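Given next are the chains, with one letter for each unit.
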Amino acid sequence: MTDLDATTLRAAYDNQLRPDLPDPVPDGVVVESDGPLFRVLGLDQRGMVTYRDLGGLAGADLDELIARQVAVFRERGEPVEWKLHGHDQPADLPQRLRAAGFVPEEQETVVVGPVAPLASALPVVPEGVRLREVTGRADLDRIAALKTQVWGRDLSGLADALDREITADPQSITVVVAEAGETMVSAGWVRYPTDSTFATLWGGSTLPQWRRKGIYRALVSYRARLAGPRGRTLVQVDASDESRPVLERLGLVPVTTTTPYVYTP
């Protein structure tokens, strides 16, 4: 696909990447269906509610569906994230989630674009910085520590999640780090969803003192070059306000937004 029309790209995103279930399902992870949505249990430090669409549910029926998710995770004593997209229907879904006790976190922008221009971009990193693919637990623990430092909250569970994902299918994900000497300064990973033309980019967290040096852009280009030989023609990122301008300059197009709505028992 070469059409960069946002509506066309959003349709491809909806059809190919949603409901965004783990495939294969890592050991210890459970996926349950409830009407039009799915609950993912045990993947990370909180559960996930995901779907392609809500099948036209509205009003009291929708409130009942939301209440069932609250009941499940209240019983488990576990937080849960409802990943809300800006074009989800009905339009009053955010208000209904808030009424049920869900709290919105920071909104991100879903950007989509062709792999080829990203893969051909020449990565420029500071002298002394190298990019390296990793799979070992020690490196995954270092990534979790980096993310915890960057975001200011405990993300130690990320190491377990990535470890189980790599173990379930090493070909479904590639984790890449940027290092300056012995210091990990940035990290990200790329997933290759089954039966899709997409590669999806995640992570991309960089230590504050190492930002604006081309490291994030180099990580994007590196991962795009991994996607091309796997037959992926499109790349997708949930972009923060900081990374979105970089990705748009690289040719990615905003197609919708995504906001985590989190219920904590």
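Anything mentioned here points back to the structure above.
Rules used throughout
- Residues numbered from 1 in each chain as written.
- Predicted model: local features only at pLDDT ≥ 70, side-chain atom pairs only at ≥ 80, totals over all residues.
- Heavy atoms only, no water.
- 1 Å grid on protein atoms, 1.4 Å probe; cavity = no way out; pocket = protein on both sides within 12 Å on 5 of 7 lines; lining within 4 Å.
- Points joined across faces, edges and corners; volume = space filled by probe spheres on them.
- Helix = DSSP H or I, 4+ residues; strand = E, 2+ residues; numbered from the N terminus.
- Buried < 20%, exposed > 50% of the residue type's maximum accessible area, 1.4 Å probe, protein only.
- Polar contact = N/O pair within 3.5 Å; in protein donor to acceptor, adjacent residues only side chain to side chain.
- Contact = heavy atoms within 4.5 Å.

A.B. asks: I'd like to hear about the layout of surface pockets, residue by residue, with values.
C.D. replies: By volume, the second largest pocket amounts to about 170 Å³. Taken together, 15 residues form the lining of the second largest pocket, with Arg52, Asp53, Leu54, Asp88 and Gln89 sitting closest to its centre.

A.B. asks: Give me the side chain of His87: which residues, what numbers.
C.D. replies: Relative to the elements of secondary structure, His87 occurs in the loop between strand S4 (80-85) and helix H3 (93-99). Since its relative accessible area comes to 18%, His87 is described here as buried. A distance of 2.9 Å separates polar atoms of two side chains, one belonging to His87 and the other to Asp14. Within the structure, the side chain of His87 is placed 2.8 Å from the side chain of Thr256, a separation counted as a polar contact. Discounting chain neighbours no more than four positions away, the residues touching His87 are Arg10, Asp14, Arg18 and Thr256.

A.B. asks: Mind laying out unusual backbone geometry, listing which residues take part and the relevant values?
C.D. replies: Backbone torsion omega between Arg18 and Pro19 reads 15 degrees, so that peptide bond is classified as cis. Along the chain, Pro19 falls in the loop between helix H1 (6-17) and strand S1 (30-34). A cis amide bond links Gln89 with the next residue in sequence, Pro90, at an omega value of 5 degrees. Tracing the sequence through the fold places Pro90 in the loop between S4 and H3. Residues other than glycine seldom take positive phi values, yet Asp195 does so here, at roughly 55 degrees. Assignment of secondary structure puts Asp195 in the loop between strand S9 (183-191) and strand S10 (198-206). Backbone geometry at Arg212 places phi at a positive 60 degrees, although glycine is not the residue there. Tracing the backbone shows Arg212 in the loop between S10 and helix H7 (215-227). On the basis of relative accessible area, Arg212 is assigned to the exposed category, the value being 76%.

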